[in-house]
Amino acid sequence: MNILGLILARGGSKRLPGKNVRLLGGKPLLAWTILAAQESGTLDDLLLSTDDAALAALGEKWGARAPWLRPEALATDTASSMDALFHAVEMCTAEGRRPDAVLLLQPTSPFRSVGTIRRAVAEFREHLHPLVAVSPAQSHPAWCYRLDAEGKMLSYCDLSGSEAARSQDLPPAYQVNGCLYLARTEDLLKHRSYFTPETHAFIIDDPREALDIDDAWDWKIAELIAPEFSAQGAG
């Protein structure tokens with residue numbers, strides 16, 4: 001089972017400009033994911049897909065392959081990650097390196113540990129079902145509401161009496177954290193997604209590993225956490 005580690009990193013970011021090259025704990029944000037993937041020793045190839053030549057050079061400096069730039073059409077705000085993934089698979093196939101599976105690693109999850117990558121790959125190799133990383137939901141859906149035109153609160157889910165329930169009495173709820181996605185290439189091509197009827201949750205309990213940096217507030221949190229991981233070298 002040939003597994004491709006794929007990192008998607010666009011040059012532009014509206015909410016947090018230049019986030020992939022920003023220094024976090026003494027090294028660029030992008031480097032955290034590259035180093036952890038390398039140290040895991042579980043991947044047959046580690047590829048960076050980007051539209052930015054400077055990012056490509058940075059990725060290669062830290063150890064990822066970046067042999068081509070992603071087309072502009074796949075680097076817009078409306079382009080999907082899956083479109084970029086399929087482009088990467090096509091390019092690897094053209095190189096004679098078609099992967100049997102793709103592990104998608106977002107650079108915005110810098111504290112994803114080496115052990116977590118190894119655990120995910122081991123589980124995948126044993127069962128071969130798609131894996132999507134999740135974490136305990138920060139706000140249980142039983143306590144989430146939408147508003148009607150008059151501002152009245154309408155529950156998002158039907159858990160009768162949940163408003164008065166203690167959190168420990170509610171069924172566990174999980175949210176996708178973006179830390180990692182792993183599936184066979186044939187499943188990705190068939191379903192055009194990591195979310196299939198056979199997808200299993202890969203649970204990450206450590207909230208630090210589950211952090212997904214999306215804006216300036218997330219970055220402030222990451223700066224507080226970084227010293228706890230910097231000594232490990234790879235996050």
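Residues numbered from 1 in each chain as written. Predicted model: local features only at pLDDT ≥ 70, side-chain atom pairs only at ≥ 80, totals over all residues. Heavy atoms only, no water.

Side note on the nonpolar core
Going by this rule: Definition of nonpolar core: a set of buried residues of the types Ala, Val, Leu, Ile, Met, Phe, Trp, Tyr and Cys, connected through side-chain atoms within 4.5 Å. Each residue gets one of three labels from its accessible area relative to the maximum for its type: buried under 20%, exposed over 50%, partly exposed in between, using a 1.4 Å probe on protein chains only. Only DSSP runs of H or I with at least four residues qualify as helices, and only runs of E with at least two residues qualify as strands; both kinds are numbered from the N terminus onward. For this analysis, residues touch if any pair of their heavy atoms sits within 4.5 Å.
Counting 29 residues, the largest nonpolar core has Leu 30, Leu 103 and Leu 182 as its most contacted members. Of all the elements, helix H4 (residues 114-127) adds the most residues to this core, at 5 residues. Among all residues touching Leu 30, those that are not within four sequence positions of it are Ile 7, Ala 9, Asn 20, Leu 48, Leu 55, Leu 58, Gly 59 and Pro 107. Grouped together as the second largest cluster of nonpolar side chains are 19 residues, Leu 47, Trp 68, Leu 85 and Phe 86 included.

Digging into the packing of helix H1 (residues 29-40) against helix H2 (residues 53-62)
Under the convention used in this document: Note on geometry: axes are lines fitted to C-alpha atoms, helical ones only across the stretch in contact, with angles between N-to-C directions running from 0 to 180 degrees. Left-handed is the label given to a crossing in which the near helix is rotated counterclockwise from the far helix by less than a right angle, and right-handed is the label when the rotation is clockwise. Residues are grouped as follows: Ala, Val, Leu, Ile, Met, Phe, Trp, Tyr, Cys and Pro are nonpolar; Asp, Glu, Lys and Arg are charged; all remaining types, including Gly, are polar.
Relative to each other, H1 and H2 sit at 35 degrees, their axes nearing to 9 Å. Like other packed secondary-structure pairs, H1 and H2 cross with a definite hand, here right-handed. Only Leu 55, Leu 58, Gly 59 and Trp 62 of H2 make contact with H1, whose side of the interface consists of Leu 30, Ala 31, Ile 34, Leu 35 and Gln 38. For the contact of H1 with H2, the class distribution of residues is 7 nonpolar, 2 polar and no charged.

Section: the pairing of strand E6 (residues 131-136)
Convention followed: Here a strand pair is declared whenever DSSP counts at least two bridges between the two strands.
When you tally the buried positions in E6, you get 5 out of 6 residues, the bulk of the element. As defined by bridge partners, E6 adjoins strand E9 (residues 174-184) across 5 bridges and the pair is classed as antiparallel. Its bridge partner lying in E9, Leu 131 is registered against Leu 182. Here 4 bridges tie E6 to strand E10 (residues 200-203), and the two strands are oriented parallel to one another. If you follow Ala 133 over to E10, its bridge partner there is Phe 202.

Notes on the packing of aromatic side chains
Aromatic rings in a pair are described by how distant their centres are and how their planes are angled relative to each other. The condition that has to hold: Put simply, two rings from Phe, Tyr or Trp (the six-membered ring, in Trp's case) pair if the centres are within 6.5 Å, and we call them stacked under 30 degrees between planes, edge-to-face over 60, tilted for the rest. Remark: a charge is flagged as sitting over a ring if the NZ atom of Lys or the CZ atom of Arg is within 6 Å of the ring centre and within 35 degrees of the ring normal.
Tallied over the entire structure, the rule returns 4 aromatic pairs. Ring centres of Phe 111 and Phe 229 lie 4.9 Å apart, and the angle between their planes is 25 degrees; on these two criteria the pair is classed as stacked. Here the residue Phe 111 occupies a position in the loop between strand E5 (101-105) and H4, and Phe 229 occupies one in helix H7 (residues 216-230), the gap between them amounting to 118 residues. A relative accessible area of 0% means that Phe 111 is categorised as buried. Judged by relative accessible area, which is 4%, Phe 229 ranks as buried. Seen in terms of ring centroids, Tyr 181 and Tyr 194 are 5.5 Å apart; in terms of plane orientation they differ by 45 degrees. Their pairing is tilted. One end of the pair, Tyr 181, is in strand E9; the other, Tyr 194, is in the loop between helix H5 (185-191) and E10, with 13 residues separating them in the sequence. Across the pair, Tyr 194 and Tyr 181 agree in class, each one buried. Members of the aromatic cluster, each reached through a chain of ring pairs, are Trp 32, Phe 111 and Phe 229. The ring centre of Trp 219 lies 5.5 Å from the NZ or CZ of Arg 22, which sits over that ring. Above the face of the Trp 32 ring, Lys 27 is positioned so that its terminal group lies 3.8 Å from the ring centre.

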